[in-house]
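# Chains, contacts and geometry: an overview
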Amino acid sequence: MCGQALSPRFRIRLFGRTAMNLDDKVCYCFHVSRRKLVNWVRLNHPKVPSQLSMCAGAGTGCGWCIPFLKQIFHQGTEAAKEPIPLEPGPDIETLSAEEYANQRAEYVKSGKGTPPTGAEPLPGSKPALGGEK
Ligand code: FES
């Protein structure tokens, strides 16, 4: 086991549950929680991951959460019977909410995406005040 990456399940058994819970936000741009997305998938049976954007606009801001929306899609649909296509990047089952927020902040600061007005402020930044120019 030494030198090998731990599977998410084994990591949780060793270190405890670190993954984001249902009340944590997945889409910081549109304030969409994991619970809302999971329920939306359960009730609407989307055919493709991009349909999750119909859940309060999730994924249509900076784009950070799109890989995680795909993971939620695969966990909650018929596609769950098939292996999740491997994509580079973190796994929603192993990130803590704090790690998730910090990695999104790095993503936005590196210029990979631009959050819309009203998005969750980046950790350590001041929230935008209305009327400031
Ligand atoms: S965090 Fe979802 S689009 Fe920005």
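Look up a bit, the structure's there.
A brief report on the enclosed structure follows. (Residues numbered from 1 in each chain as written. Predicted model: local features only at pLDDT ≥ 70, side-chain atom pairs only at ≥ 80, totals over all residues.)

This paragraph deals with the nonpolar core. C27, L37, L52, A58, C65 and L69 are the most contacted members of the largest nonpolar core, which totals 23 residues. Looking at this core, the elements with two or more residues in it are strand 1 (25-27), helix 2 (34-44), helix 3 (66-76) and helix 4 (97-109). The element contributing the most residues to this core is helix 3, with five residues. C27 has contacts with V32, A58, G59 and C65, leaving out every residue within four places of it along the chain. (Core = buried A, V, L, I, M, F, W, Y, C linked by C-beta atoms within 7 Å. Buried ≥ 20, exposed ≤ 12 C-beta atoms within 10 Å, placed from the backbone. Helix = DSSP H or I, 4+ residues; strand = E, 2+ residues; numbered from the N terminus. Contact = placed C-beta atoms within 7 Å.)

Relative to each other, helix 2 and helix 3 sit at 45°, their axes nearing to 9 Å. On the basis of the axis angle, helix 2 is oblique to helix 3. Crossing geometry of helix 2 relative to helix 3 is assigned as right-handed. Residues R34, L37, V38, V41 and R42 of helix 2 touch helix 3, and the partners they reach there are L69, I72, F73 and G76. Among the residues making up the contact of helix 2 with helix 3, the classes are represented as six nonpolar, one polar and two charged. (Axes fitted to C-alpha atoms, helices over the stretch in contact; angles between N-to-C directions. Parallel < 35°, antiparallel > 145°, perpendicular 65-115°, else oblique. Left-handed = near helix turned anticlockwise from the far one by under 90°. Nonpolar A, V, L, I, M, F, W, Y, C, P; charged D, E, K, R; others polar.)

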